[in-house]
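This is what each chain is made of:
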Amino acid sequence: MRFSRLFLNRLERPPEVAETVVVIDVLRSFTTSAVALARGALAVYPVQDPESGRAVRDALEPAVAVGAVAGGAPVPGFDFGNSPSALARADLSGKNVVLSTAAGVRGLHLFREAPRLFAASLVCARATAEAIRAGGGGHVCFVVTGEWADRDGDEDVACADYLQALLGGDSPGPEAFAQRVRQSDFGQRFALGTWPDLPTADLDLVAQADLFGFAMPVHREAERLVIRAQIPEPRPDR
């Protein structure tokens, strides 16, 4: 298995697509997505902008719209902001979730042609590694979405490091990676507890490694991208 990394906000041209692309957004898009699926959502539909989100929400009824603009403020008119701790209190059974965010969702759409595409975060990292391994892996490219001019993105780099270690056959403890999420530039903003749209409860949730036992492969259905939970098949040596 071969590994590479790309940083979403450094890309100046469409990238060469690897066999397996893992788009990582720990704070918060793909933690939010995982929580939505755990709370009973049928699927998560990542859309490129809020206007598209409203249209897809209407088309997929019953559905709720979830999202934030750059910086973390909720999208006006959406049902929820991009807050996993808020969704953890919601009953999403039998509903579709439409997701619009400034980083993670943008990464999925940029790499939508990848043969195998995953949305990933720390809460489902081990299951993601198992699903990648079961699919053959090949060249695995990790896409870090959280690095911006004022943010180091280490929450996503830490998740990539953990995934790569797992895929490489190591058995690392997740605690050090979770601590890096908390200590990242963006993580520290949540820890302050002074930003109303960045609650500390979100940080506490995103730093729980391997909370969920499913991966989040991304598929295309007509013109839409869709994320559904996938429980990895047991490895033959288990």
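Quick summary incoming for the structure in this document. Model, not experiment: these values are computed from the prediction.

### Considering the overall build of the protein
For the protein, the count of helices and strands is 9 helices and 11 strands. Over its C-alpha trace the protein gives a radius of gyration of 16 Å, about what one expects of a compact globule, namely 18 Å for 238 residues. For the protein, the spread of C-alpha atoms along the principal axes amounts to about 45 × 40 × 40 Å. Residues counted as buried form 53% of the 238 residues belonging to the protein. Long-range contacts, defined as pairs at least 24 residues apart, comprise 75% of the intrachain contacts of the protein with a sequence gap of at least 6. About 10,200 Å² of surface is accessible on the protein, with carbon and sulfur atoms providing 50% of the total. One finds the centroid of the 24 positive side-chain charges in the protein at a distance of 2 Å from the centroid of its 30 negative side-chain charges.

### Focus on helix α8 (residues 185–192)
By the burial criterion, the buried members of α8 are Phe186, Gly187, Arg189 and Phe190. Relative to the axis of α8, the buried residues are bounded by an arc of 155° and lie together on one face. Structurally, α8 contributes buried residues whose contacts are with β9 (151–152), α6 (154–167), α7 (175–183) and α9 (200–206). The first or second residue beyond α8 is Gly193, which carries a positive phi of 70°.

### Some points on the pairing of strand β2 (residues 20–24)
By the criterion of burial, β2 is predominantly enclosed, with 5 of the 5 residues buried. Sheet topology note: the β2/strand β6 (residues 116–120) ladder contains 5 bridges and is parallel. Looking at the pairing, Val23 lines up with Ala119 of β6. Where β2 lies against strand β7 (residues 139–144), 5 bridges are found, and the strand directions are parallel. Residue pairing across strands places Thr20 opposite Val140, the latter belonging to β7.

### Looking at the pattern of salt bridges
In total, this model carries 12 salt bridges according to the counting rule given. Where Arg5 meets Asp161, a salt bridge forms, and the shortest distance between an N and an O atom there is 2.6 Å. With a gap of 156 residues between them, Arg5 in strand β1 (residues 2–7) and Asp161 in helix α6 connect regions that are remote in the sequence. For Arg5, a relative accessible area of 29% gives the class partly exposed. Asp161 sits in the partly exposed class, given a relative accessible area of 23%. For Arg57, the salt bridge is made with Asp79, and the minimal N-O distance between the two is 3.1 Å. A residue pair is termed long-range when its members are at least 10 positions apart, and Arg57 in helix α2 (residues 50–59) and Asp79 in the loop between β4 (63–67) and α3 (84–87) qualify at 22 residues.

### Observations regarding the pairing of strand β5 (residues 96–100)
Burial analysis of β5 places 5 of its 5 residues in the buried class, the great majority of the element. As paired strands, strand β3 (residues 43–46) and β5 are joined by 4 bridges and run parallel to one another. Within β5, the residue paired with Ala43 across the bridge is Asn96. With 5 bridges connecting them, β4 and β5 associate as parallel partners. The partner of Gly67 across the bridge, within β5, is Ser100.

### Observations regarding the packing of helix α5 (residues 125–134) against α6
A pair of packed helices can be characterised by two numbers: the angle between their axes and the separation between those axes. Put simply, α5 and α6 touch, their axes get as near as 9 Å, and they point 45° apart. Relative to α6, α5 is oriented oblique. Here α5 and α6 pass one another in a crossing that is right-handed. The segment α5 lies against α6, with Ala125, Arg126, Thr128, Ala129, Ile132 and Arg133 engaging Tyr162, Leu163, Leu166 and Leu167.

### Some thoughts on the nonpolar core
With 35 residues, the main nonpolar core has Val21, Leu92, Val97, Leu108, Leu117, Met216 and Ile227 as its most contacted residues. Sort the elements by how many residues they give to this core and helix α1 (residues 29–38) lands first, with 5 residues. One finds Leu27, Cys159, Tyr162 and Val181 within the second-largest nonpolar core, a separate group that totals 29 residues.

### Observations concerning α5
For an α-helix the count is 3.6 residues per turn, leaving residues at separations of three or four pointing the same way. Among the 10 residues that make up α5, 7 are buried, leaving the element largely enclosed by the rest of the structure. All of the buried residues in α5 are Ala125, Ala127, Thr128, Ala129, Glu130, Ala131 and Ile132. Summarising the contacts, the buried residues of α5 are in contact with β2, β6, β7 and α6. Just downstream of α5 lies Gly136, where phi reads positive at about 105°.

Conventions and cut-offs
- Residues numbered from 1 in each chain as written.
- Predicted model: local features only at pLDDT ≥ 70, side-chain atom pairs only at ≥ 80, totals over all residues.
- Heavy atoms only, no water.
- Helix = DSSP H or I, 4+ residues; strand = E, 2+ residues; numbered from the N terminus.
- Rg over C-alpha atoms; globule rule 2.2 N^0.38 Å.
- Buried < 20%, exposed > 50% of the residue type's maximum accessible area, 1.4 Å probe, protein only.
- Contact = heavy atoms within 4.5 Å.
- Areas by Shrake-Rupley, 256 points an atom, 1.4 Å probe, with all protein chains shown as cover.
- Lys, Arg positive; Asp, Glu negative; His and termini not counted.
- Charge placed at Lys NZ, Arg CZ, Asp CG, Glu CD.
- Arc of directions from axis to C-beta.
- Pairing = 2+ DSSP bridges.
- Salt bridge = Lys/Arg side-chain N within 4 Å of Asp/Glu carboxyl O.
- Axes fitted to C-alpha atoms, helices over the stretch in contact; angles between N-to-C directions.
- Parallel < 35°, antiparallel > 145°, perpendicular 65-115°, else oblique.
- Left-handed = near helix turned anticlockwise from the far one by under 90°.
- Core = buried A, V, L, I, M, F, W, Y, C linked by side-chain atoms within 4.5 Å.

Functional significance is not addressed by these values, which are geometric in nature.
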